[in-house]
Amino acid sequence: MNGFDALYAKAKDRIQALSELPSIKEESIEEMLEGRGIERRDFMKWAAGITAMLALPSQFTPLFAEAAKMADRVPLVWLHMAECTGCSESLIRSDAPTIDSLIFDYISLEYHETLMAAAGWQAEENLAKTLKDYAGRYILLVEGGVPTANNGHYLTLGPQGRTGLDVVTEAAHGAAAIFSIGTCSSFGGIQAAAPNPTGAKGVDKVISQAVINVPGCPPSANNIVGTLMHYLLFGTLPALDRYHRPKWAYGNRIHDLCERRGHFDAGEFVESFGDEGAKDGWCLYKQGCKGPYTFNNCSTERFNQGTNWPIGAGHGCMGCSEPDFWDTMGPLEKPIQSHLVMGLNATVDKIGTTLLTATVVGIGAHAVASIFMNKKDEKEG
C-alpha cells in the first residue's frame, strides 16, 4: 500500500466515524445549498478545487464532498482576542454567498462573538456549555493576539471581566484541534510590534497544546476552509513548516508563483508608482514588495472570490504572513535596507526565511545591474 492508498483508507475510516455521530442540523447540506441556488455540480467542483488545493489526487474529491456533508458533526468554537475581526470578514464578506462561506455556516458553529445573537451573561453561558458538552470534540479557532502583560488584563472579556489569556487557556484544554486564524493569533500581529506594551503573543506561545497557524492579514477564505476540511476529512493536522503553517498553503514564496516574476528575472522594475513600468505590470520589488521573503499562496488563491490580490492590484506584498512582519518588513514601500548583494543574505536570515536560494542572491544582482543600466541611460541621454 502506497502513501496515498493509506491516506485514502484513513479518510474512509474517518468518514465512517463521523457518520456515526449525531447530526446537529435539521437540513442536509444538499438541501441547504439547493435553497441557496447552488447546484450539486457546483458543489462537486468546489470539492475538486479543495482536493487540488491540498495537492491530493482527484480520487479524494468524493471523500471531501462526503466530509462536507457531515461538517455539522464537528462543533466549532471561534474566539476573538486582540484583533480587528478582519479574518472573520475575509470569510463571511462577499457580494454573494460562496460555497466556502456556506460550508463554514454549515459547520456547527457553537460560538462566534461576531455572528451570534447572544450577548453578556447568555453568551458566557453558551460558551461554558459548549466547552463542557463537546469536550474533546470541538475545533477551537482563535482570531487575534493574546495579551500577557499585567497577567493578561490588557484584554478583559464579558460581564465577569475574564482575561483573554484565561479564556483561551480554558478553551484549548478540551479542544480536539486548535487553529490560529490570522497573523495576530499566529504570531502576535501588530499588537506584538515593538515595544509591545501589552505583551501580545501568538496562541502557540501561551498554551501547551499543538496549534496550526493560518497567518495572513487576513488569510484567504480558502486557507481557512481548506485547513478545516483537511482536519474534517483526516482527523489530523496537515504537514507543517517551521512556523506551524500548513505546507500546502505556505510552502512556496509569493515570489515563486508571482505573475510579475518574469519581469524580475528580466531586471524590469517599477521605479516609481505610476511610471511606464507600473502600467506595464513590471516587478514591484524596488517599491518595497516583500514577495521574495514571504510564504503564502495569495497569487494562486487570491481574494474577493478569486478576483485579485495586492500585487495584481499594483502594490507590493507586505509580508503579512511572516512572523514579526510589522518590525522586520518595514519600511512598507521601500526594499529592506540591506537588500544589496552581501547585505541581503543577512537580512533574509534575520526575518526568518528558511532557505537562502539563488533567487535571493538574484535580487542583489538585479539591483546592482539596474544601477549600471540607469547610469548608462543617463550618459546616453
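The text that follows walks through the structure, step by step, so that each part is easy to find.

Calculation notes
- Residues numbered from 1 in each chain as written.
- Predicted model: local features only at pLDDT ≥ 70, side-chain atom pairs only at ≥ 80, totals over all residues.
- Heavy atoms only, no water.
- Axes fitted to C-alpha atoms, helices over the stretch in contact; angles between N-to-C directions.
- Helix = DSSP H or I, 4+ residues; strand = E, 2+ residues; numbered from the N terminus.
- Parallel < 35°, antiparallel > 145°, perpendicular 65-115°, else oblique.
- Left-handed = near helix turned anticlockwise from the far one by under 90°.
- Contact = heavy atoms within 4.5 Å.
- Nonpolar A, V, L, I, M, F, W, Y, C, P; charged D, E, K, R; others polar.
- Expected span 1.5 Å × (residues − 1).
- Buried < 20%, exposed > 50% of the residue type's maximum accessible area, 1.4 Å probe, protein only.
- Phe/Tyr/Trp six-rings, centres within 6.5 Å; stacked < 30°, edge-to-face > 60°.
- Lys NZ or Arg CZ within 6 Å of the ring centre and 35° of its normal.

### Structural notes on the packing of helix α1 (residues 3-19) against helix α4 (residues 61-69)
Two elements in contact, α1 and α4, have axes whose closest approach is 10 Å; the angle formed by their N-to-C orientations is 20 degrees. As judged from the angle between their axes, α1 and α4 are roughly parallel. At the point where α1 passes α4, the crossing takes the left-handed sense. Across the interface between the two elements, Tyr8, Ala11, Lys12 and Ile15 from α1 touch Leu63, Glu66 and Ala67 from α4. For the contact of α1 with α4, the class distribution of residues is five nonpolar, no polar and two charged.

### Examining helix α3 (residues 40-53)
In this model, α3 (14 residues) spans 20 Å end to end at C-alpha, consistent with the 20 Å of a helix rising 1.5 Å per residue. Those residues of α3 lying buried are Phe43, Trp46, Ala47, Ile50, Thr51 and Met53. Where α3 is buried, its residues meet α2 (29-35), α4, α6 (99-106), α10 (221-234), α11 (247-250) and α14 (298-301). One or two steps after α3, the chain reaches Ala55, where phi turns positive at roughly 60 degrees.

### Here we look at the packing of aromatic side chains
Evaluation of the coordinates by the stated rule reveals ten aromatic pairs. Centroid distance Phe64 to Phe234: 6.3 Å. Interplanar angle 90 degrees. Geometry classified as edge-to-face. Here the residue Phe64 occupies a position in helix α4, and Phe234 occupies one in helix α10, the gap between them amounting to 170 residues. Classification of Phe64 by relative accessible area gives buried; the value is 0%. Taken together, the ring pairs in this structure connect Phe4, Tyr8, Phe60, Phe64 and Phe234 into an aromatic cluster. Lying over the aromatic face of Tyr231, Arg14 brings its terminal NZ or CZ to 5.3 Å of the ring centre.

Interpretation note: all reported values are geometric properties and have no functional meaning in isolation.
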